[in-house]
Amino acid sequence: MRELTVAQGSVEAGDPHICSDSNTRNNVVYSVYEALVTRNEAGGFSPCLATSWGVEQDGLTWLFQLREGVRFHNGERLKASDVVASLRRVVDPSIGGAYGTQGVYAGYIGDAVFEAPRREVVRIRTGEPMADLLDLLSEMPIGPEDELDRLPREYVGTGPYQVGSAGRGELTLEAFRGHWGGAPRVEALTWLAEPGPATRAQMVVDRDADIGCMVGAEGKRLAGAAGAAVAELESGLCVIFMLNCFRGPCVDVRVRQALNYALDVPGIISRVKEGEATQLSGYLTPHHFGFDPETPPYGYDPDRARRLLAEAGYGDGLRLAMDAPTSMPDEAPQLAASMEEMYRAVGVEVEVRLHGDRPAYSELVRGKRIGDMCCFDSSPRSAFRVLREKLHSGIRGPWWEGYSSMEVDRLTWEAQRAFDDSARQRIYRRVFRIVKDDAPWVFLYRPTYHWAVGRRAEGWRPGRDGLVRVV
């Protein structure tokens, strides 16, 4: 096929080494770049630039055997020193980050030693045992050592596509015929920036695009009515409200549980998301390693919520301050309004404070300056990252809001040292149950994503991670 056109919110890739879980950005980045390993559809990891790997008995030293015959878009052959230089750049805190994510990777492996003992072998020595290291490495694109200082002005990777031309709101990627896996079947991918979800669906209907990304419920209806195909995915994104466990009423677990029982989450999904979401049963989704399928979600039980509030000393009522952004998630204002109404029914009065500046809102949350609760979306596909960045009281990560559980902390450290996947899975599932009962968050839903798919892209579906891949 000669060309496919993809419409999405933006076409800006930025610096490929910043920490970001944005599908819009990563659609482009992972068409051009590859990492040592890649997540597979089963939720594990498959070889990519590394064909094999292992960890030594000390639990600190990893060896990666690089794939032979890999070349960058500039014709240079991949060597271990390229990987070492790329990983060192990834963990450099000066690289920055999106929406408060600066320094995230440095917090994990900033003290690691990256070495190239042989041209085709990479050695990584971590400062502590880290059984989930592949979670991180799968997100770290590799570029040629002598081109890294040109980022983000120029992009040179090993991926199936290379940068062709770029203009305002448009980016064309051309098939890389020297790709180690063979040239992709589509000769060119053109990415068009269109901020309107429904408009992206209309572009597919009008044949101005072959794939429209994240078209929303309205776009789904529009595309379906016009006879276009619609691909769906129950996402790995958790839309939640984090509770202030430093101070105030939410320090009490009974209040936190009451705030979960007081909400008719299926009703909220129907009202705010037009039914296009699935209720959460905890801080992870079925896409996450460590999700426990036997753990049920909080049920709607306003009477139980009132009893818990009374036991906590709030039988005569409770006032809370709720912070919410106006975007990411875009429905946050509607969520806040629905929750305010349901909380009022159990004697909880909520002051909603909306924030229009999303980066500033992220810094508010990162700075632990929220009121009693704040709307947030938890996007990492790694249970390890979610625990370390949001729930571990010993780490006190960027999005930790004061929740403390000695058992969760202990089990998280234990999981880091459990290199057997089955053993680590059991630990994470135990943590999942504890956190669900402790309720440091109000667990809401994971959205369902939709893509409008035109005739030329017939049969295309997103991967488990929701990215657009055409190979």
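Heads up: the structure comes first, above all this text.
All values reported here derive from a predicted model rather than from experimental measurement.

Caption draft 1: Just the overall build of the protein, in detail. When helices and strands are counted, the protein shows 14 helices and 18 strands. Relative to the 2.2 N^0.38 estimate, which gives 23 Å for 471 residues, the radius of gyration of the protein is 23 Å and therefore close to what a compact globule would have. By its C-alpha atoms, the protein is 70 × 60 × 35 Å across when sized along the principal axes. The burial tally for the protein puts 56% of its 471 residues in the buried class. Carbon and sulfur atoms make up 46% of the accessible area of the protein, which amounts to about 18900 Å² in all. Between the centroid of the 56 positive side chains of the protein and the centroid of its 66 negative side chains there is a distance of 2 Å.

Caption draft 2: Summary view of the pattern of salt bridges. Applying the stated rule across the entire model yields 32 salt bridges. Between Arg410 and Glu414 there is a salt bridge; the shortest N-O distance is 3.0 Å. On the criterion of helical spacing, the pair formed by Arg410 and Glu414 is a turn pair, its members being 4 residues apart in helix 13 (residues 406-416). Of the residues examined, Arg410 reaches a relative accessible area of 39% and is grouped as partly exposed. One network of salt bridges, in which partners are shared, links Asp21, Glu139, Arg385 and Glu389.

Caption draft 3: Structural context of the pairing of strand 8 (residues 161-167). Where strand 8 meets strand 9 (residues 170-175), 6 bridges bridge the pair, whose relative direction is antiparallel. Residue pairing in the sheet places Gly167 in a bridge with Glu170 of strand 9. Once strand 8 ends, the chain turns through 2 residues before running back antiparallel as strand 9, passing Gly169 with a positive phi of about 75°.

Caption draft 4: Unusual backbone geometry, seen in detail. Omega for the peptide link from Leu151 to Pro152 comes to 0°, which places this bond in the cis form. With an omega dihedral of 5°, the bond running from Met328 to Pro329 counts as a cis peptide bond. Within the fold, Pro329 resides in the loop between strand 15 (318-325) and helix 10 (332-344).

Caption draft 5: Structural detail: the packing of helix 13 against helix 14 (residues 421-438). Axis separation between helix 13 and helix 14 bottoms out at 9 Å; the angle between their running directions is 160°. The angle between helix 13 and helix 14 falls in the class roughly antiparallel. Where helix 13 crosses over helix 14, the two elements pack in a sense that is left-handed. Where helix 13 approaches helix 14, its residues Glu407, Val408, Arg410, Leu411, Glu414 and Ala415 are matched on the opposing element by Arg424, Ile427, Tyr428, Arg430, Val431, Ile434 and Val435. Among the residues forming the contact of helix 13 with helix 14, the class breakdown is 8 nonpolar, no polar and 5 charged.

Caption draft 6: Expanded view of the sheet that holds strand 5 (residues 61-66). What the 4 strands build is an open sheet, ordered 4-5-7-6; its pairing is antiparallel. The open sheet terminates on both sides in strands that have one partner only, identified here as strand 4 (50-55) and strand 6 (113-118). Across this sheet, the average inter-strand angle for adjacent strands is 20°, counted without regard to direction. Relative to strand 6, helix 2 (residues 80-90) is tilted by about 175°, and along the sheet it contacts strand 5, strand 6 and strand 7 (121-125).

Caption draft 7: Spotlight on the packing of aromatic side chains. Taken as a whole, this structure holds 14 aromatic pairs when the rule is applied. For the ring pair Tyr283 and Trp441, a centre distance of 6.4 Å and an interplane angle of 85° mean the geometry is edge-to-face. One end of the pair, Tyr283, is in the loop between strand 14 (277-279) and helix 9 (302-311); the other, Trp441, is in strand 18 (residues 441-453), and 158 residues separate them in sequence. Of the two residues, Tyr283 and Trp441, both sit in the buried class. Through a chain of ring-to-ring contacts, three or more aromatic side chains come together here, namely Tyr261, Tyr283, Phe291, Tyr298, Phe432, Trp441 and Phe443. In this arrangement the basic side chain of Arg67 is found over the ring face of Trp180, its NZ or CZ atom lying 3.9 Å from the centre.

Caption draft 8: Structural detail: helix 11 (residues 358-366). For helix 11, the full list of buried residues reads Arg358, Tyr361, Ser362, Leu364 and Val365. Along helix 11, the residues classed as buried sweep out an arc of 155° about the axis, all on the same side. The N-cap residue of helix 11 is Asp357: its side-chain oxygen and the backbone nitrogen of Ala360 are 3.1 Å apart. Lys368 sits one or two residues past helix 11 and shows a positive phi near 60°.

Caption draft 9: Local environment of the packing of helix 5 (residues 197-205) against helix 6 (residues 216-225). Helix 6 packs onto helix 5 with a crossing angle of 20° between their chain directions and a minimal axis gap of 7 Å. Looking at the two axes, helix 5 sits roughly parallel to helix 6. Crossing handedness for the pair helix 5 and helix 6: right-handed. When helix 5 is examined against helix 6, the residues Pro197, Ala198, Ala201, Gln202 and Val205 are found in contact with a partner set consisting of Gly216, Glu218, Gly219, Leu222 and Ala223. Along the lines of polarity and charge, the residues of the contact of helix 5 with helix 6 split into 6 nonpolar, 3 polar and 1 charged.

Caption draft 10: Spatial organisation of the environment of Asp437. Secondary-structure assignment places Asp437 in helix 14. By relative accessible area, which is 45% here, Asp437 ends up partly exposed. Asp437 sits 24 residues away from Trp413 along the chain, and the two C-alpha atoms are 20 Å apart. The residues touching Asp437, leaving out its near neighbours within four places in the chain, are Val253, Gln257 and Tyr298.

Caption draft 11: Seen up close, the nonpolar core. Ranked by internal contacts, the top residues of the largest apolar core, which has 137 residues, are Ile109, Ile124, Tyr283, Met339, Tyr343, Val442 and Trp451. If one sorts the elements of this core by residue count, strand 18 sits on top with 8 residues. Membership of the second largest hydrophobic core comes to 10 residues, among which are Met203, Ala209, Val215 and Ala223.

Caption draft 12: Highlighting the environment of Gly371. For Gly371, the location among the structural elements is in the loop between helix 11 and strand 17 (373-378). As for Gly371 and Arg247, which are separated by 124 residues in sequence, their C-alpha atoms are 9.4 Å apart.

Rules and cut-offs
- Residues numbered from 1 in each chain as written.
- Predicted model: local features only at pLDDT ≥ 70, side-chain atom pairs only at ≥ 80, totals over all residues.
- Heavy atoms only, no water.
- Helix = DSSP H or I, 4+ residues; strand = E, 2+ residues; numbered from the N terminus.
- Rg over C-alpha atoms; globule rule 2.2 N^0.38 Å.
- Buried < 20%, exposed > 50% of the residue type's maximum accessible area, 1.4 Å probe, protein only.
- Areas by Shrake-Rupley, 256 points an atom, 1.4 Å probe, with all protein chains shown as cover.
- Lys, Arg positive; Asp, Glu negative; His and termini not counted.
- Charge placed at Lys NZ, Arg CZ, Asp CG, Glu CD.
- Salt bridge = Lys/Arg side-chain N within 4 Å of Asp/Glu carboxyl O.
- Pairing = 2+ DSSP bridges.
- Axes fitted to C-alpha atoms, helices over the stretch in contact; angles between N-to-C directions.
- Parallel < 35°, antiparallel > 145°, perpendicular 65-115°, else oblique.
- Left-handed = near helix turned anticlockwise from the far one by under 90°.
- Contact = heavy atoms within 4.5 Å.
- Nonpolar A, V, L, I, M, F, W, Y, C, P; charged D, E, K, R; others polar.
- Phe/Tyr/Trp six-rings, centres within 6.5 Å; stacked < 30°, edge-to-face > 60°.
- Lys NZ or Arg CZ within 6 Å of the ring centre and 35° of its normal.
- Arc of directions from axis to C-beta.
- Polar contact = N/O pair within 3.5 Å; in protein donor to acceptor, adjacent residues only side chain to side chain.
- Core = buried A, V, L, I, M, F, W, Y, C linked by side-chain atoms within 4.5 Å.

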